[in-house]
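The primary structure of each chain is shown beneath.
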Amino acid sequence: SAPRPLVFHDVRVFDPAAPTTGEPCSVLVVDGRVAAMGPRDAVTVPDAAIVVDGEGRVLAPGLVEWHGHLPGPQWPEAVAADVLFLY
């Protein structure tokens, strides 16, 4: 089944082009992508959505983990494959 939609309310969104955060807003994420963003009353919340209170928090869409440690030769090959899959 598809993941449930996710809504962040009252979160500030980081804009790397600025670089700054905007005013608090709501962000709707559907299938892992931002589907809507704007004032709380302008973003429609789907019935099955998980709602997150983002007050006082910053959202950085698209930010991924770029730091990691590669397993050494003593690690099983399956562990190395799992870690390298992330990159």
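Scroll up a little and you will see the structure.
Scope of this entry: the structure provided in the associated data block. (Residues numbered from 1 in each chain as written. Predicted model: local features only at pLDDT ≥ 70, side-chain atom pairs only at ≥ 80, totals over all residues. Heavy atoms only, no water.)

1. Overview of the environment of P24
Here's step 1: Looking at the element boundaries, P24 is found in the loop between strand 2 (20–21) and strand 3 (25–30).
Here's step 2: Sequence spacing of P24 and V58 is 34 residues, and the spatial spacing of their C-alpha atoms is 8.9 Å. (Helix = DSSP H or I, 4+ residues; strand = E, 2+ residues; numbered from the N terminus.)

2. Remarks on the pairing of strand 1 (residues 6–15)
Where a strand is regular, its side chains alternate between the two sheet faces.
Here's step 1: Across four bridges, strand 1 lies against strand 3 in antiparallel orientation. Paired with L6 across the two strands is V29, which belongs to strand 3.
Here's step 2: Alignment of strand 1 against strand 5 (residues 50–53), held across four bridges, turns out to be parallel. What sits directly across from V7, in strand 5, is V51.
Here's step 3: Bridge count between strand 1 and strand 6 (residues 58–59): two bridges; the pairing is parallel. Directly across from V13, in strand 6, lies its bridge partner L59.
Here's step 4: Of the strand pairs in this sheet, strand 1 and strand 2 are connected by two bridges, and their pairing is antiparallel. Along strand 2, the bridge assignment pairs F14 with T21.
Here's step 5: Where strand 1 folds back onto strand 2 in an antiparallel hairpin, the turn is made up of four residues. (Pairing = 2+ DSSP bridges.)

In short, the description is geometric, and any link to function would need to be established separately.
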